[in-house]
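Observations on the model geometry
Single-letter residue listing:
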Amino acid sequence: MTASLHETPLHALHGEAGARMVPFAGYSMPLHYPLGLLKEHLHTRQAAGLFDVSHMGQIAVRARSGDPGDAARALETVLPIDVLGLGLGRQRYGFLTLQGGGILDDLMLANVSDHYLLVVNAANKAADLAHLLDAIGTACTVEPVERALIALQGPGAEAALARHLPVVAEMRFMDARTIAFAGEEGVAVRSGYTGEDGFEVALPPASGLALARALLAEPEVKPIGLGARDSLRLEAGLCLHGSDIGPETSPVEAGLAWAIPKVRRRGGDRAGGFPGAERILAELAEGPARLRVGLKPEGRTPVRAGAALFGSADASEPVGRVTSGGFGPSLDGPVAMGMLPRALAAPGTTVFAEVRGQRLPCAVVPLPFRPAGFKRS
């Protein structure tokens, strides 16, 4: 790896495990381990996979007044979600919106202890921090938190993690808890990016590495790289910023309207007041011009991101494009997501992807491609 790449606190572990390392968002990250992408994917679905996600940004937001309500109100000026209604010890999905209605970044927001913790995408964390400082820095302190971040995902995740952090067995989906390991404090949340039950645990570097080593000694757990992380999230129908969503994509177009509650919509007690509200609220009321959809290509040929989508086999002009695509190991076939005009976005519609000069039929299907395994109660 080049000297310019950052290393996560778990870097030594990847070398010990025989990972193939690649540059990703400015970091040296594991693409896969000797087990291989396909088996890593299936192992996560069947048991428990450990992911190093320490490259992602962690940002702590505190009200300068000391009143958590002031921090919540400030965050609602940059996020179109219900922050005031987010209880202590709970987490919520959200996104930073832009004046044009696009998405600067999507993130997880947790109400923990005396602050709100935002976990943001690695490639956007510097821009997100600058955006937050500019927008709410007068009312709040906005500080990056340098910690290890470990994701443990899969049906065996609770049993493996509870041997080291017993409190996690009491948590349900989207719970957040302050925890301690090896004498150091951190945060655990019950969520992830695979569609499986699981946890993300933030700890100082040394204790984070110690927890990762302890988990890898458990019989259910194997290390999982970026390759399987991408195929797992694709099967789960989860967006990747920079591919499925971005500055030109509104949350409504992206199929993320569920994250914008009634209280922030027209007629709600705290309607609007966030960047891009005019466009986003109009699309919520009237519908967007295009929508993110699931696509099931015919046969076994994968359809990759960037492929043009056509309304018929002989159409001359594309009507959309594939935003994410590949092989779904759990489904034993190709899957993709793409943007299409609303008139072509209904499940059961057939569109055609251009692959190596050929038009490949793709059925529009509901998302996700497989049911989620979250523990909701």
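No experiment lies behind these values; they were computed from the predicted model shown.

**Points about the packing of aromatic side chains**
Tallied over the full model, the rule gives 3 aromatic pairs. Ring plane angle 20 degrees and centroid distance 5.5 Å describe the contact between Tyr 93 and Trp 258, whose orientation is recorded as stacked. Within this pair, whereas Tyr 93 is found in strand S5 (residues 90-97), its partner Trp 258 is found in the loop between helix H7 (226-235) and helix H8 (277-286), the two being separated by 165 residues in sequence. Judged by its relative accessible area of 13%, Tyr 93 falls in the buried class.

**Some remarks on the pattern of salt bridges**
Within the structure shown, the criterion is met by 27 salt bridges. Put simply, Asp 67 and Arg 73 hold a salt bridge, and the shortest N to O gap is 3.8 Å. Where Arg 190 meets Glu 158, a salt bridge forms, and the shortest distance between an N and an O atom there is 2.7 Å. Taken together, the residues Arg 190 in the loop between strand S11 (184-189) and strand S12 (198-203) and Glu 158 in helix H5 (residues 157-162) connect sequence positions 32 residues apart.

**A few points about the environment of Leu 295**
For Leu 295, the position within the fold is in strand S14 (residues 290-297). Considered as a pair, Leu 295 and Pro 361 are 66 residues apart in the sequence and their alpha carbons are 9.6 Å apart.

**Concerning the sheet that holds strand S18 (residues 350-355)**
The pairing of strands in a sheet comes from backbone hydrogen bonds and takes either a parallel or an antiparallel form. One closed barrel holds the 6 strands; their spatial order is S14-S17-S16-S15-S18-S19, and the pairing between them is antiparallel. For this sheet, the mean inter-axis angle between neighbouring strands, taken without regard to orientation, is 45 degrees. Strands strand S16 (320-328) and strand S17 (333-341) of the sheet are contacted by H7, whose axis makes an angle of about 115 degrees with S16.

**A short note on the environment of Ala 353**
Within the fold, Ala 353 resides in strand S18. Exposure remark for Ala 353: the relative accessible area of 0% places this residue in the buried category. When the C-alpha atoms of Ala 353 and Gly 311 are compared, they prove to be 9.2 Å apart, with 42 residues separating the residues in sequence. In contact with Ala 353, not counting residues within four places along its chain, are Val 303, Ala 308, Leu 309, Gln 358, Arg 359, Leu 360 and Cys 362.

**A few points about the domain arrangement of the chain**
Partitioning the chain into domains gives domain 1 (2-54 + 147-235) and domain 2 (289-370). Look at where the C-alpha atoms of domain 1 and domain 2 centre, and you get two points 31 Å apart. On the side of domain 2, 14 residues touch domain 1, which itself brings 9 residues to the contact. Counting the surface lost from both domain 1 and domain 2, the interface buries some 840 Å², and carbon and sulfur atoms represent 60% of this. For the domain 1 face of the interface with domain 2, the top three residues by lost area are Arg 233, Leu 234 and Glu 235, together amounting to 67%. Inspection of the domain 1/domain 2 interface yields 1 salt bridge. The partner of Arg 370 in a salt bridge is Glu 196, with the nearest N and O atoms 3.0 Å apart. Counting only elements with at least two residues in the side of domain 1 that touches domain 2, the list comes to helix H2 (37-46) and H7. Residues belonging to the side of domain 1 that touches domain 2 are distributed by class as follows: 3 nonpolar, 2 polar and 4 charged.

**A look at the UniProt feature "domain: GCVT N-terminal" (unreviewed entry) in the chain**
As annotated by UniProt and renumbered to match this structure, "domain: GCVT N-terminal" (unreviewed entry) occupies residues 10-261. Across residues 10-261 one finds 25% helix and 31% strand; the C-alpha atoms that close the span lie 37 Å apart.

**Here we look at the packing of H2 against H7**
Contact pair H2 / H7: the axes reach a minimum separation of 8 Å and the direction vectors enclose 55 degrees. Taken together, the axes of H2 and H7 are oblique relative to one another. Pair H2 / H7 crosses with right-handed handedness. Seen from H2, the contacting residues are Leu 37, Glu 40, His 41, Thr 44 and Arg 45; seen from H7, they are Gly 227, Ala 228, Ser 231, Leu 232 and Glu 235. Partitioned by chemical class, the residues of the contact of H2 with H7 number 3 nonpolar, 4 polar and 3 charged.

Thresholds, definitions, all that
- Residues numbered from 1 in each chain as written.
- Predicted model: local features only at pLDDT ≥ 70, side-chain atom pairs only at ≥ 80, totals over all residues.
- Heavy atoms only, no water.
- Phe/Tyr/Trp six-rings, centres within 6.5 Å; stacked < 30°, edge-to-face > 60°.
- Helix = DSSP H or I, 4+ residues; strand = E, 2+ residues; numbered from the N terminus.
- Buried < 20%, exposed > 50% of the residue type's maximum accessible area, 1.4 Å probe, protein only.
- Salt bridge = Lys/Arg side-chain N within 4 Å of Asp/Glu carboxyl O.
- Pairing = 2+ DSSP bridges.
- Axes fitted to C-alpha atoms, helices over the stretch in contact; angles between N-to-C directions.
- Contact = heavy atoms within 4.5 Å.
- Domains from an automatic or database assignment.
- Buried area = accessible area lost by both parts, 1.4 Å probe.
- Nonpolar A, V, L, I, M, F, W, Y, C, P; charged D, E, K, R; others polar.
- UniProt positions renumbered as here; feature names shortened; annotations may be inferred.
- Parallel < 35°, antiparallel > 145°, perpendicular 65-115°, else oblique.
- Left-handed = near helix turned anticlockwise from the far one by under 90°.

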